[in-house]
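Survey of secondary and tertiary structure
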Amino acid sequence: MVSITAVRDNNGAIPRLYGSNLVAVFVGGTSGIGESTARAFIRNTTASRAYLIGRDQARASRIIEELRQIKPDSQVEFIKADVSLLREVDEVCMDIKKKEDRLNLLFLSPGTGSMNGPDETSEGLDKKLTLHYYARMRFVANLLPQLLKAGEDQQQQRPNRLSRVISVLEAGGEAALHLDDLSLKNNYSLRNCAKHAITMNSVAMEHLAALYPQVSFIHSFPGLVRTRLDRDLGGIAKTALSALLLLGRPWETGFEESGERHLYAATKLQFAPRMCGDKMDAAEGSDGKVGSGFYRLDSTGSTYKPSRIMQVYREQGIGGLIWNHTLGIFEKVRGGSRLGDETK
């Protein structure tokens, strides 16, 4: 477990570790963990720029005004979008790419707590699976040139390079997939949707980390945090969630602390891979270079022990299969859009 003192010590050292003028994108940045991490990012950085992606203009305006009071030297911009639609993801990315040639942090936490069955968007994809996987990977694919630029940045005023992607879902919950039905057209259930999103996040990000060592990729499990996901729930489900949160209060992570811990995950120089007996699964940790590798982090910021299913899928080359499937979905939905070609 990483103590909150260590977390705050790390965050307080960000200007010394990485210099000023960091650029971050927070998808789902107007509520929940995305908002709390964006707030922590602005508090702990110097002359930084942050983009908040979400749907709530009024809430975003309040957040931006508060952050402006805290750090007048920073710039925070809201981009309104429904990221359950890949075309809106592309529009957001095009906007960012016009303004930024590098990106230090891509923070992905969009989601829905809906307990309904399949809910296809106008693009023919399940909304829940899109928010938890496809849209996140579309952001990665589209903004990869900016991430690579930041990962290669060797300017003297930037002591260490910082180029990181964090997807907040449920690292550690990986499970076997329906490999012949990754989009769950024939095997949809809430459980299958959850395990597919979780496992495809981990496997795809590990695959990308091997292809692009300039960027580090993290899949994080936040633990029990009070967010606004219950806005998508019906009355009975909201009541059940409230009861669960009440029972889990001793293990709950506070809103502000969650932001601090995820900022730690976003800026920690290097994570130590976990040992399994006397063997270390290097593919799930670092290649020995600061800022490289793929990591699965628990709610305290510690790395998980190697996962059996991840090892099996690594040996079978499933990472490439999942990423090719993902690019195929992008091409099908977006009609051959050129965005995202950098990852082919």
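The paragraphs below set out a description of the structure included in this document.

Reading guide: rules and limits
Residues numbered from 1 in each chain as written. Predicted model: local features only at pLDDT ≥ 70, side-chain atom pairs only at ≥ 80, totals over all residues. Heavy atoms only, no water. Salt bridge = Lys/Arg side-chain N within 4 Å of Asp/Glu carboxyl O. Helix = DSSP H or I, 4+ residues; strand = E, 2+ residues; numbered from the N terminus. Pairing = 2+ DSSP bridges. Axes fitted to C-alpha atoms, helices over the stretch in contact; angles between N-to-C directions. Contact = heavy atoms within 4.5 Å. Buried < 20%, exposed > 50% of the residue type's maximum accessible area, 1.4 Å probe, protein only.

Some thoughts on the pattern of salt bridges
Inspection of the entire model under this criterion finds 15 salt bridges. Residues Lys185 and Glu120 are paired through a salt bridge, measuring 3.1 Å at the closest nitrogen-oxygen approach. Note that Lys185 is positioned in the loop between β5 (164–168) and α7 (190–211) and Glu120 in the loop between β4 (105–108) and α6 (127–151), a separation of 65 residues in sequence. In this structure, a network of salt bridges that share partners links the residues Glu35, Arg39, Arg59 and Glu66.

Things to note about the sheet that holds strand β9 (residues 293–297)
Spatial strand order, β3-β2-β1-β4-β5-β6-β9: 7 strands in an open sheet with parallel pairing. Of all strands in the sheet, those bounded by a partner on one side alone are β3 (75–80) and β9. Strand-to-strand twist across the sheet, computed as the mean angle between neighbouring axes with direction ignored, equals 15°. Sheet analysis places strand β6 (residues 216–220) next to β9, joined by 5 bridges and oriented parallel. The residue bridging Ile218 from the neighbouring strand is Tyr295, located in β9. Running at roughly 175° to β3, helix α4 (residues 57–70) makes contact with β2 (49–54) and β3 of the sheet. Docked against the sheet, helix α9 (residues 255–267) engages β4, β5, β6 and β9, running at close to 145° with respect to β5.

Looking at the pairing of β3
In the sheet, β2 pairs with β3 via 6 bridges, with the strands oriented parallel. By the bridge assignment, Ala50 is partnered in β3 with Val76.

Side note on the environment of Leu52
Here Leu52 shows up in strand β2. Judged by relative accessible area, Leu52 falls into the buried class, the value being 0%. For the pair Leu52 and Ser31, spaced 21 residues apart in the sequence, the C-alpha separation amounts to 9.8 Å. Residue contacts for Leu52: discarding those within four places in its chain leaves Phe26, Gly29, Thr30, Ala38, Ile63, Ile64, Val76, Glu77, Phe78 and Ile79.

Re the pairing of β5
For β5, a buried count of 5 out of 5 residues is recorded, marking the element as mostly surrounded by other parts of the structure. Side chains Arg164, Ile166 and Val168 of β5 all project onto a buried face; the interleaved residues Val165 and Ser167 project onto the opposite face, where all are buried too. Two strands pair when backbone bridges link them, and β4 and β5 are joined in this way by 4 bridges, in the parallel orientation. Bridge pairing in β5 places Leu106 opposite Val165. In the sheet, β5 pairs with β6 via 5 bridges, with the strands oriented parallel. Each residue of the ladder has a partner; that of Arg164, found in β6, is Ser216.

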